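# What the coordinates show
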Amino acid sequence: MNLIHTILNNGYYSHRYNDPDIFLGKILEDLDKEYELIELVVKEFTFFYKDMQTLIRSKSSDPSDDMRKKIWKGKYSYEINLSNRLVFMEYLITNESYEIIFDVPEVEALWDLIVHDPTFQYDQDYFLTWICRKDDQRSTEPTHLIDKRNLSDFFHKIICNHQKLDFINISPEGFVCFA
């Protein structure tokens, strides 16, 4: 994950400073063709989340919310690791240099992990805020994490599925996501 981030970051600076040999769109395209980036990142996220879930649940059957700041993976806390992974995914999905489509199977895989079986309530709230984010006020174009062509599938397969979304016990943060 760090290697991909470094490559993309260096590609960004090369693109920004007009290096014709390396530019971000081409780097993203090459990486996506070689590794199917969004699938790779979702698989890595899944591995991270399940690994951390096992560790945290082995320490406590009902983990307190403050544990997410005290459990570390590498040099970052659980909370920072979770956030960084979602921010990186968002960067890939919303980057204007190359279109990477966040399909319903990838969304569903993350949904099943974080919304259906969250380690902490914070995870679910953070994910719902992330996935259902409102349009960026700084841009004239709306930005969506889920490709507009897939919104109908997302709505029918996940949002309308009472086994995927617990309408009765949804948190206020989760509710705001759909308001």
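Structural data are supplied above this passage.
Computed from a predicted model, the values in this text were never measured in an experiment. Throughout, residues of each chain are indexed from 1 in the direction in which the sequence is written. Reporting in this predicted model follows two pLDDT cut-offs: at least 70 for local features of residues, and 80 or more for side-chain atom pairs to be given and counted; totals over whole chains, interfaces and linings ignore these cut-offs and use all residues. Side-chain descriptors were evaluated using all non-hydrogen atoms of the structure, hydrogens and water having been removed beforehand.

### A short note on the packing of helix α3 (residues 37–59) against helix α6 (residues 104–116)
Viewed as axis vectors pointing N to C, α3 and α6 meet at an angle of 10°, and their least axial separation amounts to 10 Å. In terms of axis orientation, α3 runs roughly parallel to α6. Residues I38, E39, V42, F45, T46, Y49, K50 and Q53 of α3 pack against E106, A109, L110, L113 and I114 of α6. A fitted line through C-alpha atoms represents every axis, and for helices the fit uses only the stretch in contact; the resulting angles, taken between N-to-C directions, go from 0 to 180 degrees. Helix and strand assignments come from DSSP, with helices taken as H or I runs of at least 4 residues and strands as E runs of at least 2, each series counted from the N terminus. Any angle that is under 35 degrees is reported as roughly parallel, and any over 145 degrees as roughly antiparallel; angles of 65 to 115 degrees are reported as roughly perpendicular and all others as oblique. Contact between two residues is taken to exist if any of their heavy atoms lie within 4.5 Å; hydrogens are not considered.

### Digging into the environment of D123
Within the fold, D123 resides in helix α7 (residues 121–131). Buried means the residue's accessible area, taken with a 1.4 Å probe over protein chains only, is under 20% of the maximum for its type, while exposed means over 50%, and partly exposed covers the values in between. Here D123 falls in the buried class, since its relative accessible area comes to 1%. Each C-alpha atom, one on D123 and one on E79, is 8.5 Å from the other, the two residues being 44 residues apart in sequence. Setting aside residues up to four positions removed in sequence, D123 forms contacts with Y49, Y78, L82, I114 and P118.

### Focus on the packing of helix α2 (residues 24–35) against α3
It is the contact of α2 with α3, at a shortest axis distance of 7 Å, that shows an interaxial angle of 65°. If you check the angle between α2 and α3, you find them roughly perpendicular. Note on element contacts: α3 touches α2 through L37, I38 and L40, opposite L28, L31, D32 and Y35. When its residues are assigned to classes, the contact of α2 with α3 shows six nonpolar, no polar and one charged. Charged means Asp, Glu, Lys or Arg here, nonpolar means Ala, Val, Leu, Ile, Met, Phe, Trp, Tyr, Cys or Pro, and polar covers whatever is left, Gly included.

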